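Chain by chain, the residues run as shown.
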Amino acid sequence: MTDRSLKIAYLCDITPLDANLYSGGNARMYHALRRHAGEVTILSNSWHLVEPLRRLVHRLPEAINLRLRWRLHLLLGRLIARDLRRELARGDFDVLFCAYSIQSLAGLGATPNMVTAFTTDATPTTYKRSLVGQSFGSMLSISRYFDPWVAAQEKRILAETDLLLLPSDWLKEGIEESFALPGDAHHVVPWGANIGEVAALDKIAPLRADAVIELLFMGRDWHAKGGPIARDVLDALIARGHKARLTILGCYPDGMRESDTIRIIPQLDKSKPEEMARFAALFRSAHFLINPSFESYGFAYCEASAYGLPSLSFRVGGVPVRDGINGHALPLGTDGDGFAAVISEYIANPSAHKALRKSSRREYEERLNWDAWGRRVSQILRDAVRSKG
């Protein structure tokens, strides 16, 4: 085929028109495909004949809803897929693109007349078997009895899918190891920052031994995102004789109070221009993002790179932090003093920090933005459609 505009069917259990769910990634992918690949049609996320059951599950408390919904979808996949196949047949699509919800592909089977592509930051099985999943555990211990069945469904779905577009090597390796699937059609394409375009850096906040070291923590869940370690980093820097301040963005930790060394901003709405401007100012003025969390990916690191802000994280999951390029990913178990030691080395060598800020921004410009993702995915899809046709 020539490089004409592709006709893409977009499938997810949540509409990509809602920019708040899936941390915004679902919406970003949809719009990137529209910009770079072609005409994108959002498919229904109805369960069709069993739609009343889906609506009932959505009324349950969120913690139960999230866990029960995808398992029921897997179980009822063949029934739900009957109408999905009809919808696909009416559209004459080149590509079926499924984001996040692997269960949405359950029961569909092979599609000889179109290319199927799937992307996610973790599948249920790779997540549960990883250090990331094990760190959070399972709310329902009975769910482990279903694990072999879930893994078998995942393997079948992934084997029938033409392309896996994965944001990290961690997930690629996890899928290949968990399901013994060949990696020929598994492509690593990093996801981008969940913010609008960020202008090139004009000024870089200098790191100086005689000035306050600005640390930024971002997350709605203080404990899950590694907040206590971020606080330990602050204390360790002060104990080393440095002046430092920690800004906590996104939550208000229990029992914590603002002080000369701690600033708390519980929430910013990035859809409001004045609050987005404040968000940008925080990232531009900070010297390090401290988010030592357990993540399958982590959009915060992409956003930090957009502002030339180096990230300090754990080397776990698929975090998009490359050592010496847009920050440092430290071994699991590293304590606050270990993170502070890395920062101290940069305090002693400010020119190295300036270079790290520049390379962090370059990482965003070249890899961690949605246009880069869209261009790469568009080419992969076109090549696959050409080969299949």
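Here, the structure is the one placed above.
Residues numbered from 1 in each chain as written. Predicted model: local features only at pLDDT ≥ 70, side-chain atom pairs only at ≥ 80, totals over all residues. Heavy atoms only, no water.

K.L.:
I keep staring at helix H1 (residues 25-36) and nothing clicks. Help me out?
P.N.:
Structurally, the α-helix is built with 3.6 residues per turn, so residues lying three or four positions apart point the same way. Taking 1.5 Å of rise per residue, the twelve residues of H1 would be expected to cover 16 Å, and the 16 Å separating its terminal C-alpha atoms lies within 8% of that figure. Buried within H1 we find Gly25, Asn26, Ala27, Met29, Tyr30, Ala32 and Leu33. Backbone geometry just downstream of H1 places Gly38 in the positive-phi region, at approximately 150 degrees. (Helix = DSSP H or I, 4+ residues; strand = E, 2+ residues; numbered from the N terminus. Expected span 1.5 Å × (residues − 1). Buried < 20%, exposed > 50% of the residue type's maximum accessible area, 1.4 Å probe, protein only.)

K.L.:
Even after reading the chapter, I still don't get the pattern of salt bridges, so can you show me in this structure?
P.N.:
Opposite charge on two side chains permits pairing when their charged atoms draw close. Counted according to the given criterion, the structure contains 19 salt bridges. Arg54 is paired through a salt bridge with Glu51; the nearest N and O atoms lie 2.8 Å apart. With Arg54 and Glu51 both in helix H2 (residues 51-58), this residue pair falls three residues apart, about one helical turn. Side by side, Arg54 and Glu51 carry an identical accessibility label, which is buried. Across the pair Glu214 and Arg245 runs a salt bridge whose closest N-O atoms are separated by 2.9 Å. Taken together, the positions of Glu214 in strand E7 (residues 213-218) and Arg245 in strand E8 (residues 244-249) put the pair 31 residues apart, joining distant regions of the chain. Given the relative accessible area of 14%, Glu214 is considered buried. The class of Arg245 is partly exposed, set by a relative accessible area of 24%. One connected set of salt bridges, linked through shared partners, spans Glu51, Arg54 and Arg55. (Salt bridge = Lys/Arg side-chain N within 4 Å of Asp/Glu carboxyl O.)

K.L.:
When you look at the sheet that holds E7 in this model, what are you seeing that I'm missing?
P.N.:
One key point about sheets: their strands pair by backbone hydrogen bonds, in either a parallel or an antiparallel sense. Taken in spatial order, the six strands line up as E9-E8-E7-E10-E11-E12 in an open sheet, and their pairing is parallel. In this open sheet, the two edge strands, each paired with only one partner strand, are strand E9 (262-265) and strand E12 (327-330). For this sheet, the mean angle separating the axes of adjacent strands, direction not counted, is 25 degrees. Pairing between E8 and E9: four bridges, direction parallel. Paired with Thr247 across the two strands is Arg263, which belongs to E9. Of the strands in this sheet, E7, E8, E9, strand E10 (288-290) and strand E11 (311-314) are in contact with helix H9 (residues 227-239), which crosses E8 at around 165 degrees. (Pairing = 2+ DSSP bridges. Axes fitted to C-alpha atoms, helices over the stretch in contact; angles between N-to-C directions. Contact = heavy atoms within 4.5 Å.)

K.L.:
Just checking my understanding: could you explain the side chain of Ser344 for this structure?
P.N.:
Tracing the backbone shows Ser344 in helix H12 (residues 336-347). Judged by its relative accessible area of 13%, Ser344 falls in the buried class. A polar contact of 3.4 Å, which involves the side chain of Ser344, links it to the side chain of His242. Apart from the residues within four sequence positions on either side, Ser344 is in contact with Leu237, Arg240 and His242. (Polar contact = N/O pair within 3.5 Å; in protein donor to acceptor, adjacent residues only side chain to side chain.)

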